[in-house]
Amino acid sequence: MDLAEALDKAVAALKAPLEPTDREQGWTDALRREIQEEISINRSALRRHGHGLAKHLRPRLDEWMAHEGVQPGRLHDVIMNAQTHITDPHT
């Protein structure tokens, strides 16, 4: 999976309504929308300016989710994959 695919997958996952297990893992509708917006902004910037911009982006979605008490699970994994692809675009 490349950077664009990882970001598209994360945005798509965050657009869908939360499942009961997502809520049990600490997700709220507000948090889902906020993180979706953050990833969408990064995705748009990368599309406009190229993947070389990734070296300047330093998303801290992991810290944000930890601060909000989000537990590992489906959405957490998708978001962490997107963050990894942004911070290390050669994966």
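Residues numbered from 1 in each chain as written. Predicted model: local features only at pLDDT ≥ 70, side-chain atom pairs only at ≥ 80, totals over all residues. Heavy atoms only, no water.

Visitor: Which parts of the structure should I look at to understand helix α5 (residues 74-87)?
Guide: In an α-helix, one full turn covers 3.6 residues, which means residues spaced three or four apart are oriented alike. With 14 residues, α5 should reach 20 Å at 1.5 Å per residue; the first-to-last C-alpha distance of 20 Å fits that figure. The elements touched by buried residues of α5 are α1 (3-15), α2 (20-24), α3 (29-49) and α4 (61-67). (Helix = DSSP H or I, 4+ residues; strand = E, 2+ residues; numbered from the N terminus. Expected span 1.5 Å × (residues − 1). Contact = heavy atoms within 4.5 Å.)

Visitor: Even after reading the chapter, I still don't get the nonpolar core, so can you show me in this structure?
Guide: Buried together is how nonpolar side chains tend to be arranged in soluble globular proteins. Residues L7, L14, W27, I35, I39 and I79 are the most contacted members of the largest nonpolar core, which totals 20 residues. The set of elements that each furnish at least two residues to this core consists of α1, α3, α4 and α5. At six residues, α1 tops the list of elements feeding residues into this core. Not counting residues within four places of it along the chain, the set of residues in contact with I39 comprises L7, A10, V11, L14, L61 and I79. (Core = buried A, V, L, I, M, F, W, Y, C linked by side-chain atoms within 4.5 Å. Buried < 20%, exposed > 50% of the residue type's maximum accessible area, 1.4 Å probe, protein only.)

Visitor: What exactly am I supposed to notice about the packing of α1 against α3 here?
Guide: In a pair of packed helices, the angle between the axes and the distance between the axes together describe the arrangement. With their axes 9 Å apart at the nearest point, α1 and α3 run at an angle of 155° to one another. By the angle between their directions, the pair α1 and α3 is classed as roughly antiparallel. As for the relative orientation of α1 and α3, their crossing is left-handed in sense. Across from L3, L7, D8, A10, V11, L14 and K15 in α1, the residues of α3 making contact are R32, I35, Q36, I39, S40, R43, L46 and R47. Split into classes, the residues belonging to the contact of α1 with α3 amount to eight nonpolar, two polar and five charged. (Axes fitted to C-alpha atoms, helices over the stretch in contact; angles between N-to-C directions. Parallel < 35°, antiparallel > 145°, perpendicular 65-115°, else oblique. Left-handed = near helix turned anticlockwise from the far one by under 90°. Nonpolar A, V, L, I, M, F, W, Y, C, P; charged D, E, K, R; others polar.)

Visitor: Explain the environment of M65 here, please?
Guide: Looking at the secondary structure, you find M65 in helix α4. Put simply, M65 and H76 are eleven residues apart on the chain and 8.0 Å apart in space, counted from C-alpha to C-alpha. Here M65 is in contact with W27, I35, V70, H76, I79 and M80, once residues within four sequence places are set aside.

Functional significance is not addressed by these values, which are geometric in nature.
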